[in-house]
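What follows is the residue order along each chain.
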Amino acid sequence: MSEKDMSKFKRHITKCPHCGKDVLDHMTECPFCHGELESYSYKPLDPEKVKRIRVIATIVILALAAIIFISANL
Ligand SMILES: [Zn+2]
């Protein structure tokens, strides 16, 4: 597994509220203690936060595009 894949993987790691072990956020059941994780994985997203993330993502994409454009024209 590459480092890029690992960081992608790590972003989805959360702690099991029952046993404290690392579990993936899309899991509905802890593989270690078989505790319920549903309330964790289906947390409703704050629309204000989503909007902010979208704005930041747009800025990052535009900045990257600008860098690529500038470096391609050097
Ligand atoms: Zn657990």
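A quick note: this is a predicted structure, and the numbers were derived from the prediction, not measured.

S.K.: Would you mind going over the overall build of the protein with me for this structure?
M.R.: From N to C terminus, the protein includes three helices and two strands. Sequence separation of 24 or more characterises 3% of the internal contacts of the protein that already satisfy a separation of 6 or more.

S.K.: Hey, could you run me through helix α3 (residues 47–72) in this one?
M.R.: Note on helix geometry: an α-helix contains 3.6 residues per turn, so any two residues three or four positions apart are oriented the same way. If you check α3, its first and last C-alpha atoms are 37 Å apart, about what 26 residues at 1.5 Å a residue would give, namely 38 Å. Counted residue by residue, α3 has zero buried out of 26 residues, so it is predominantly exposed.

S.K.: Is there a simple way to think about unusual backbone geometry in this case?
M.R.: When glycine is set aside, most residues are seen to have a negative phi, and most peptide bonds are trans. Its identity as a non-glycine residue notwithstanding, H34 has a phi of 60°, on the positive side. Its place among the elements puts H34 in the loop between β2 (22–24) and α2 (38–41). Exposure remark for H34: the 11 C-beta atoms within 10 Å place this residue in the exposed category.

S.K.: I would appreciate a short explanation of the confidence of the model for the protein in the present structure.
M.R.: In low-pLDDT regions, the fine details of the predicted coordinates are not to be read closely. On average, residues of the protein score 85 in pLDDT, and 81% of them reach the 70 mark or higher. Mean pLDDT per element in the protein: α2 is the minimum at 54, and α3 is the maximum at 94.

About the cut-offs
Residues numbered from 1 in each chain as written. Predicted model: local features only at pLDDT ≥ 70, side-chain atom pairs only at ≥ 80, totals over all residues. Helix = DSSP H or I, 4+ residues; strand = E, 2+ residues; numbered from the N terminus. Contact = placed C-beta atoms within 7 Å. Expected span 1.5 Å × (residues − 1). Buried ≥ 20, exposed ≤ 12 C-beta atoms within 10 Å, placed from the backbone. pLDDT = per-residue confidence, 0-100.

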